Amino acid sequence: MKQTITIKVDPQQPDTKQIQAAADIIKKGGLVAFPTETVYGLGADALNPKAVSNLFKAKKRPTDNPPIIHVENTNTIHTLAEQVPPKADTLMKKFWPGPLTLVFKRSKNVPDVTVAGLDTVAIRMPQHNVALALIRESNCPIAAPSANLAGKPSPTTAEHVLKDLNGRIDAILDAGPTRIGVESTVLDLSVDPPVVLRPGGTPVEALKQVLGEVKLHPFVAAEKELTVEKTRSPGMKHTHYAPKAQLIVVEGDITVVMATIKLLITQYWFQDKRVGVLATAETAWAYEADVVKSLGSRRKVDVIAANLFRLLREFDEENVDVIISESVSTEGLGLAVMNRLRKASGYNIIKVGQP
Ligand code: TXA
Ligand code: MG
């Protein structure tokens with residue numbers, strides 16, 4: 001166990017001395033959790049193999065699942081990537097800094113452990129002054145997976161990070177809750193046409209507008225577990241976002257979804273189970289269960305995305321045996337929300353009457 005220092009910083013204008021204190025830890029090969037616009041990341045010097053190997057240990061992350069490398073200016077990517085196709089320039093101009101991770105053929109400068117032995121590297125420029133200042137002061141690209149224990153929902157507050165990693169990391173920069181709440185979209189540019197490997201904060205529709213043709217990896221909209229052979233992004237095959245309780249996702253027309261959830265509540269009550277429902281602002285009133293939580297209005301999918309991981313974590317404190325969740329449309333950020341919910345449920349999905 002080490003002592004984890006919490007450094008409270010202003011999200012817009014972080015104090016330089018505080019950022020320097022955190023950057024000193026990164027420079028010495030330590031681990032610092034920091035906010036981005038999506039979720040909190042756990043940072044280490046991407047070019048220091050020992051530091052990155054400690055990063056995997058702290059998170060208990062399987063070593064075959066590489067982290068994303070965070071940069072604060074676009075020039076750095078040329079030292080990390082071997083080939084940067086022209087499409088990348090267009091994407092970086094439009095979406096960086098922001099929730100879009102680009103996968104390139106890797107340069108030999110990047111240690112094997114940082115890319116988990118792959119021949120590609122995933123890079124993004126976060127849109128958060130604290131993250132950008134930390135990378136600048138550390139004077140190195142920062143490898144940062146989400147700052148949760150492997151398998152848990154990604155952290156959207158410093159409290160979530162400490163719950164999982166207190167005593168396992170050197171410091172955390174606490175700048176309050178993150179804005180977007182789901183992780184970045186991961187786009188593979190090492191192939192053509194580009195392939196979305198993980199839906200996230202940048203909607204696929206926005207990528208299509210810029211690129212024309214974009215493919216979705218089968219995992220993106222998967223409604224059941226796919227075999228490992230189809231895996232291109234290693235993270236796809238690992239357990240993810242799982243709350244303690246069994247999660248069931250009910251998908252389809254909302255009135256039929258509601259009726260189905262009510263029926264399921266009665267069935268679980270009959271088995272003496274404690275039941276939670278993950279509902280929305282328009283529907284939460286209708287359920288009688290042990291715990292009912294609302295993700296927000298169905299008309300504001302950005303709010304739903306921002307609340308999702310926090311609510312999954314809150315259910316862990318409620319000692320429910322089962323959580324039954326509504327679903328949302330897969331348009332825009334909804335695709336990322338449904339991808340996370342389906343994975344969190346271990347693809348325990350009930351399909352009812354389609355809209
Ligand atoms: O928003 C985010 O992306 C957050 C913040 C902290 O930036 N980071 C994040 O990192 O979600 P992580 O490590 O939890 O997820 C990274 C994803 C994993 O699914 C991983 O498999 C994939 O990116 N990935 C990393 N390197 C890759 C590569 N070379 N090729 C394909 N996928 C890669
Ligand atoms: Mg993660």
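Residues numbered from 1 in each chain as written. Chains lettered and ligands numbered in written order. Predicted model: local features only at pLDDT ≥ 70, side-chain atom pairs only at ≥ 80, totals over all residues. Heavy atoms only, no water.

## Description of the overall build of the protein chain
The line we're drawing: Helix and strand labels come from DSSP, where a helix needs a run of H or I of at least four residues and a strand needs a run of E of at least two; each type is numbered from the N terminus. When we talk radius of gyration, it's over C-alpha atoms, and the globule rule is simply 2.2 Å times the number of residues to the 0.38. We call a residue buried when its accessible area falls under 20% of the maximum for its residue type, exposed when it is over 50%, and partly exposed in between, using a 1.4 Å probe and counting protein chains only. Here, two residues are considered to be in contact whenever any of their heavy atoms come within 4.5 Å of each other.
Within the protein chain one finds 10 helices and 17 strands. Taking 20 Å as the expected radius of gyration for a compact globule of 355 residues, we find that the protein chain reaches 20 Å, a close match to that expectation. Summarising its shape, the C-alpha atoms of the protein chain cover approximately 60 × 45 × 35 Å along the three principal directions. Classification of the 355 residues of the protein chain by burial places 58% in the buried group. Here the contacts in the protein chain between residues at least 6 apart in sequence split such that 69% fall between residues at least 24 apart.

## A short note on the domain arrangement of the protein chain
Our working definition: Delimitation of the domains relies on an automatic or database domain assignment. Here the buried area means the combined drop in accessible surface, using a 1.4 Å probe, for two parts upon being joined, counting both sides. Within this document, salt bridges are pairs made up of a side-chain nitrogen of Lys or Arg and a carboxyl oxygen of Asp or Glu, the two lying within 4 Å of each other.
Splitting the protein chain by domain gives domain 1 (5-216) and domain 2 (246-351). Distance from the C-alpha centre of domain 1 to the C-alpha centre of domain 2: 29 Å. Domain 1 puts 24 residues into the contact, and the matching count from domain 2 is 16 residues. Taken as a group, Pro153, Val182 and Pro199 account for 35% of the area that domain 1 buries against domain 2, more than any other trio of residues on that side. Scanning the region where domain 1 abuts domain 2 turns up three salt bridges.

## Side note on the pairing of strand β9 (residues 171-174)
Note the following rule: When DSSP finds two or more bridges between a pair of strands, those strands are recorded as paired.
Where burial is concerned, the two faces of β9 agree: the one with Ala171 and Leu173 and the one with Ile172 and Asp174 are both buried. In the sheet, strand β1 (residues 5-8) pairs with β9 via four bridges, with the strands oriented parallel. Pairing of threonine 6 across the sheet is with isoleucine 172, part of β9. As paired strands, strand β2 (residues 32-35) and β9 are joined by two bridges and run parallel to one another. Across the sheet, residue valine 32 finds its bridge partner in β9, namely alanine 171.

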